[in-house]
Each structure stands twice: as C-alpha cells, then as structure tokens.
Amino acid sequence: MKQGIRETTLGIQHLLAMYAGAVLVPLIVGGAIGLSAEQLTYLVAVDICLSGVATLMQLASNRFFGIGLPIVLGCTFTAVGPMIAISGEYGLSALYGSIILSGLFIVLISPFFSMLRKFFPPIVTGTVVTIIGLTLIPVAINNMGGGQGAADFGSAANVSLAFATLLIIILIYKFATGFIRAISILLGLVAGTLMASAMGMVSFNNVREASAFHMLEPFYLGTPSIVWPAVITMCLVNIVSLVESTGVYYALSDITGKKITRKDLSRGYRAEGLAVMLGGFFNAFPYTAFSQNVGLVQMTGVKTRRVIVITGIMLIALGFLPKVAAITTVIPTSVLGGAMLAMFGMVATQGIKMLSKCMGESQENALIVACSVGLGLGVSVVPDLFSALPQGVQILTSNGIVAGSFTAIVLNIVFNMLPTKASAPAAQDAAAVTKQSAQEAS
C-alpha cells in the first residue's frame, strides 16, 4: 500500500515536471494559427492524452517498439516553427498530412537511423540543441509583449506580468530544492496567472463552457492532405527530434545502468514514429522524449518504469477531461512568454554545455558551431534571406532549426569524417615509421 502511494506521488511529480512543457506547444501553435477557444481546448486535451499514450508505447519494450527506459514523451518544441509555417502556407490539412507521413517515415527508417550514430557526435547534437533554444527565444519575447499583432503589444501590464512570472521562476529555482524546484516553471505560470486575474486580464469562460468529459475525435480539426514540401519539412524536423531523443536515451542509459544496443535504439525510434502518426491522426502534434524528466529521475534516484507508467495513465485520464485542459487556456500570453524565456534559454544553455568540451578539441569544431548557429539564428531573424528561391524550397530554408541542423551535420562530415590532404602524409609517415621499426627489430 505504502509503495503504491509512494509511486503514485512520484508519478504525479513527473507529470507536474513535464506538464507546462507539454501544453506550451499546443498553446503556442494553436494561438499562432488562429484556433478558436473550443478548438484550443480540444488541442490541449488531446495533446495531454496522447502524451500519455506515447509514453506507455515507449515503456513497452516489446519486439517491435519501445526502448524500455523511464522516459516521458511530449510535444517537441523543434516542430513549433515549421508547423506554424506549414499551417500558414498550406493550411491545417497539409500540416496533419505531413505529420502522419513523417511519422511513417520515422518508422521505416528507424533500423537504419540507429546505425547512423557516428553522424551525430556531441558536436552535432550540442549544436542542434543550442539552435533550438536560440531560435525559439524570439517566440518567447513576442509573447512577453502580449503576442505578435496584439492590440496591447508591449503594454506596461503585459511586460510587467511577463517579468514578474520570470522573477518568480528564478526565485523558486534559487531558493527551493527537490520537488518544488522541479516544478518552478509550473508554479511561475500559476502565480503569473493569479496576478493577471487580480488585474482583470483572465477570463474563465472557456472553463465554464467546456464539457466535463469527451472522447477523442479523429481528424477533429481537418482531414489530412499531402503537400510534399510540407512532408519533407516535417520529416527533417522529426529527424532532428530523433537526434535530441538519442541524447535522452543515452543519458537515461547512464543513470539506470542499462546498456542500450542498436536494436534498442531502433525500437525507441519506431515508438516515436508511431506516436507521431497517432498525433497526426487525432490532430495533435509530433512527440519526442522530454529531457526535463531525465533530471527528475537523476534527482530522485527512482529508476523504475512503474512510476512512469503511472504518469502515462494519469496523462491519458486528464486528456478526457476538457475542463482540466481548458484551465491552461486561461493563462495570459505574456505570462506564457515569461515562462518560455526561461525554458528556451535553458535549452540553449544545455546545448552550450554540451559544446563546451567539443569546441576546445579543435578549431574545426568551433567553425562548425559558428557557421551552424550563425545560419540557424540568422535565418530565424531574417527569413526573407531565401525569398528568391522557389516556394517549395523556402519552407525548408526559412526555418532556422532545420537549416542550422543540416549545416552542422554536413560540416561535421566535411571536417571530422572525410580524409584531408594533411592527414594523408601523416598516415604515410606513420606507416613508414612502423615499417622501419619492424625492419630494425628483425
């Protein structure tokens, strides 16, 4: 009995640690593409539910899918920019068609991708994580002002709420420990929303109007259609997500002491591909391993999958309760912006931490980071750089995460994997020395 209560409490802790990040993606994307309050409520609910389903699929560890590590899955931030761009250019039907087909693509390539680990050393994965954080920061800044295009953008009320939320998160992170520190983002969102409510900036109409229970509906927001530039974009985005997930897999492998093989990686990738397909089918978004829960596993020292199973079940249950989902939609945009600045900034600093050792190894590595981060951030700030290219190509080149990640992969191959002219004489000299030593020994 006591063991069950303890595991349930730890499961709730994992849920709270990932909840803010899990609902931020549908809130950001849903707001950016102009969904109604009712549609946004559905989007948050289905996202929560499918996060639980995706988590249980990853925990399954059967012959076909699931890596069997204590991993929690949620919507990937990597896809935020591309999804907004695809929706704006081709519409929601093209977005969900691209999500479904990109999930199928991941399922098909999973056994091959698991053999490509050498193409994703720390210099590449660290660069990708850094670019993700940096390119998302402008989204946070816009939200801190009240949302791009808002009538009261940059008002004193919006800016003060954003920085008050950020300050609360910083203070909690500074002075709290353990569980409270782990949910500093969620507590900041709650405190910011309460302050906004006191200022008359929060409406609970959506909560009152939401039903107490509902079922998930396939294609609720639109029937999928195939637009190949959008499909290619989402395939690239999901490959980047796999790179992120690979880092999570290895981190948890180290924490739990479970050595993962190429087949384990393949099953893990296949589970994520199936989760992405399921997300598209129910008009949700792509799913990936959440890194924030890795820290929680390390902090608590509890490595059992049973705790994460409880988390997954609770996520599924919450997804069928629209009133609970609707509560998250009352959070003001400026409050979200303050929390997002902290979260996205932490993503960038994690990438920098991963790169700190790599860049010191060679000047070539430093150049890889410089060009990749520079191009990724530059394209995000000036998306019209490639405006003269065909429309089908622009949706690839106008996304900083995809452009920067592709640059990092290519440059790593050029500098660290292909033989150079300088290395050939060195190899010849080494062979000559070895031959001479052998002759002397004989």
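Definitions and cut-offs
- Residues numbered from 1 in each chain as written.
- Predicted model: local features only at pLDDT ≥ 70, side-chain atom pairs only at ≥ 80, totals over all residues.
- Heavy atoms only, no water.
- UniProt positions renumbered as here; feature names shortened; annotations may be inferred.
- Helix = DSSP H or I, 4+ residues; strand = E, 2+ residues; numbered from the N terminus.
- Core = buried A, V, L, I, M, F, W, Y, C linked by side-chain atoms within 4.5 Å.
- Buried < 20%, exposed > 50% of the residue type's maximum accessible area, 1.4 Å probe, protein only.
- Contact = heavy atoms within 4.5 Å.
- Phe/Tyr/Trp six-rings, centres within 6.5 Å; stacked < 30°, edge-to-face > 60°.
- Lys NZ or Arg CZ within 6 Å of the ring centre and 35° of its normal.
- Expected span 1.5 Å × (residues − 1).
- Polar contact = N/O pair within 3.5 Å; in protein donor to acceptor, adjacent residues only side chain to side chain.
- Patch = residues over 30% accessible without salt bridge, like charges linked within 9 Å, V, L, I, M, F, W, Y side chains within 5 Å.
- Areas by Shrake-Rupley, 256 points an atom, 1.4 Å probe, with all protein chains shown as cover.
- Salt bridge = Lys/Arg side-chain N within 4 Å of Asp/Glu carboxyl O.
- Axes fitted to C-alpha atoms, helices over the stretch in contact; angles between N-to-C directions.
- Parallel < 35°, antiparallel > 145°, perpendicular 65-115°, else oblique.
- Left-handed = near helix turned anticlockwise from the far one by under 90°.
- Nonpolar A, V, L, I, M, F, W, Y, C, P; charged D, E, K, R; others polar.

Naming follows an unreviewed UniProt entry, where the protein chain appears as Nucleobase:cation symporter-2 family protein of Bhargavaea changchunensis. UniProt's Sequence similarities (unreviewed entry) comment on the protein chain is quoted here verbatim: "Belongs to the nucleobase:cation symporter-2 (NCS2) (TC 2.A.40) family." Per UniProt, the comment on the protein chain under Subcellular location (unreviewed entry) is "Cell membrane".

Visitor: When you look at unusual backbone geometry in this model, what are you seeing that I'm missing?
Guide: With the exception of glycine, the majority of residues adopt a negative phi angle, and the majority of peptide bonds are in the trans configuration. The phi angle at F219 is positive, at roughly 55°, despite the residue not being glycine. With respect to the helices, strands and loops of the structure, F219 is situated in the loop between α9 (205-209) and α10 (228-256). At N283, a position not held by glycine, the phi torsion is positive, near 60°. Looking at the element boundaries, N283 is found in the loop between α11 (262-281) and β2 (287-289).

Visitor: Is there a simple way to explain the nonpolar core in this structure?
Guide: The tendency in soluble globular proteins is for nonpolar side chains to be buried as a group. Grouped together as the largest cluster of nonpolar side chains are 101 residues, with contacts concentrated most on M83 and F285. Discounting chain neighbours no more than four positions away, the residues touching M83 are V25, V29, L95, I99, M234, F285 and P286.

Visitor: I would appreciate a short explanation of the packing of aromatic side chains in the present structure.
Guide: The relation between two aromatic rings is expressed through the spacing of the ring centres and the mutual angle of the planes. In the structure shown here, the tally under the stated rule is eight aromatic pairs. For the pair Y42 and Y220, a centre-to-centre distance of 4.0 Å together with 25° between the ring planes defines the contact as stacked. Remark: Y220 occurs in the loop between α9 and α10 and Y42 occurs in helix α2 (residues 37-60); sequence separation between them is 178 residues. Overall, Y220 belongs to the partly exposed group, its relative accessible area being 26%. Taking the ring centre of F64 as reference, the NZ or CZ of R270 above it sits at 4.7 Å.

Visitor: Mind showing me how you'd approach helix α13 (residues 305-319) here?
Guide: Think of an α-helix as 3.6 residues a turn; residues three or four steps apart then line up on the same face. End to end, α13 covers 21 Å across 15 residues, agreeing with the expected 21 Å (1.5 Å per residue, within 8%). For α13, the full list of buried residues reads V307, I308, I310, T311, G312, L315 and G319. The N-capping residue of α13, defined by a side-chain oxygen 3.2 Å from the backbone nitrogen of R306, is T304.

Visitor: Is there a simple way to explain α2 in this structure?
Guide: Across its 24 residues, α2 extends 35 Å between first and last C-alpha, which sits within 8% of the 34 Å expected from 1.5 Å per residue. Within α2, 18 of the 24 residues are buried, which leaves it mostly tucked inside the rest of the structure. The positive-phi residue at the C-terminal boundary of α2 is S61, with phi of around 55°.

Visitor: Would you mind going over a nonpolar patch on the surface with me for this structure?
Guide: On the surface, L367, F406, V410, V414, F415 and L418 cluster together into a nonpolar patch covering about 510 Å² of accessible area. Ranked by residue count, the leading element in the nonpolar patch is helix α18 (residues 400-417), at four residues. Along the polypeptide, L418 turns up in the loop between α18 and α19 (423-441).

Visitor: Explain the packing of α2 against α11 to me, please; I cannot follow it from the model alone.
Guide: Helix packing for two helices is described by the angle between their axes and how far apart those axes are. In the contact formed by α2 and α11, the axes pass within 9 Å of each other and the chain directions differ by 155°. Our classification of the angle between α2 and α11 gives roughly antiparallel. Considering only the axes of α2 and α11, their crossing is right-handed. Of the residues in α11, those touching α2 at L50, V53, A54, M57 and Q58 are R267, G268, A271, E272, L274, A275, L278 and G279. In terms of residue class, the contact of α2 with α11 is made up of eight nonpolar, three polar and two charged.

Visitor: Explain the side chain of T130 to me, please; I cannot follow it from the model alone.
Guide: Tracing the chain through its elements places T130 in helix α5 (residues 122-144). Polar side-chain contacts of T130 include one of 3.3 Å to the backbone nitrogen of I352. Here T130 is in contact with A348, G351, I352, L355 and V373, once residues within four sequence places are set aside.

Visitor: Help me understand the environment of L134, please; the structure alone is not making it clear to me.
Guide: Secondary-structure assignment places L134 in helix α5. Measuring from C-alpha to C-alpha, the distance between L134 and S380 comes to 9.2 Å, with 246 residues separating the pair along the chain.

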